[in-house]
Structure formats: C-alpha cells, structure tokens
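# Coordinate analysis (summary)
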Amino acid sequence: MGANVSYQEKSAWIMLVLAVGTYAGYAAVVWQRARNVALTEVAYVSPMLWAIGISILLSIIAHIVIGAFSPKGEDRKDQRDREIGRFGEYTGQSFLVIGAIAALGLAMAEVEYFWIANVLALAFFLSAAVGSMAKLSAYRVGIPRW
C-alpha cells in the first residue's frame, strides 16, 4: 500500500485481513477441539468471543496506526469514497441478511445452538470480508453500473 492508497482503502484492507484471519483462527481452534468430540459438543463460545474481541481490538489499533501515519486530512471522504463505502456496506450487509434468515430457519427447526451461533458468526465475518472485497474492487475497477 503506497502513498496513493486512500485512508478508506487502507481501512478496507485492514477489515478484510482481520475478518479472514480471525475467523480462520476461530475455525482452526474449533476443528482442533473437535478431534476427540462431536463438532456440536465442542466448547465454541469462548473461542468465538475471543475471535470477535481480537478482531475489534486489532481493528481499533490498526486504524489508530494508519491514522497516525497518514497525512493530515487524508481520512476525509469525497463523493467517490462515499459511493464506494455505500456499495461495500450494502454488499456486505446482504450476507448479514442471509445469515439471519438461515439462523432463523435453524432456530425454527430446533437445531442445536452450535449451528445457529456459527451461522451468525460466519455471516458477520463474511459481511466484513465481502464488503471489504467489494470496496477494494470498486477502488481498483470502479463501482459496477447495473
């Protein structure tokens, strides 16, 4: 990321890396714990909360760092940044809706809490990752015109 990368684009990279990294870490811990027990019997709550907390904390720290080393006023958004931000947020939020509908269906089917919680967690992480990818794509290629 060179000098020509905007603050908002750097922020999208941070969110993408953290979403993928922390979810991968969470999944690795759960899979490791599932070696000796059924997947639905794994103690998943603590690793999930740690993954969420670490993601939030590292995001705050990373944004402070890029803010400290960015030229004054670089974090200001112009019209293009606002449109790209909106495009990325709408794209990412679609995964929250899909996840909520899936979790609702699982709850109605009285599926174990493990699956409901993990569908919701995956939806949040996918929302951040896909929303960030949409923003990065828009910065590089442009916003698709429908």
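The following refers to the structure shown. Every chain is numbered independently, its residues counted from 1 as its sequence is written. Selection of residues for local features in this predicted model requires a pLDDT of at least 70, selection of side-chain atom pairs for listing and counting requires 80 or more, and totals for whole chains, interfaces and linings are taken over all residues. Note that the side-chain values use all heavy atoms of the structure and ignore hydrogens as well as water.

### Section: the nonpolar core
We apply this condition: As used in this record, nonpolar core signifies buried Ala, Val, Leu, Ile, Met, Phe, Trp, Tyr and Cys residues forming a set joined through side-chain atoms within 4.5 Å. Residue exposure (1.4 Å probe, protein chains only): buried if accessible area is under 20% of the type maximum, exposed if over 50%, otherwise partly exposed. Secondary structure elements follow DSSP: runs of H or I no shorter than four residues count as helices, runs of E no shorter than two count as strands, and numbering proceeds from the N terminus. Contact criterion: two residues are considered in contact whenever any of their non-hydrogen atoms come within 4.5 Å of each other.
Counting 16 residues, the largest nonpolar core has Tyr26, Val30, Tyr44 and Met48 as its most contacted members. Broken down by secondary-structure element, the contributors of at least two residues to this core are helix 1 (7–33), helix 2 (45–68) and helix 4 (113–140). Top contributing element to this core by residue count: helix 4, with six residues. Excluding residues that lie within four positions of it along the chain, tyrosine 26 makes contacts with Tyr44, Pro47, Met48, Ala51 and Asn118.

### A closer look at the pattern of salt bridges
The test is simple: Take a side-chain nitrogen of Lys or Arg and a carboxyl oxygen of Asp or Glu: if they are within 4 Å of each other, that pair is a salt bridge.
Counted by the stated rule, this structure contains two salt bridges. Taking the shortest distance from any N to any O, the salt bridge between arginine 140 and glutamate 9 comes out at 2.7 Å. With arginine 140 in helix 4 and glutamate 9 in helix 1, this pair connects stretches of sequence that are 131 residues apart. For lysine 135, the salt bridge is made with glutamate 89, and the minimal N-O distance between the two is 2.7 Å. Here lysine 135, found in helix 4, pairs with glutamate 89, found in helix 3 (residues 79–108); they are 46 residues apart in sequence, far enough to count as distant. Residue classification places lysine 135 among the buried positions, given a relative accessible area of 18%.

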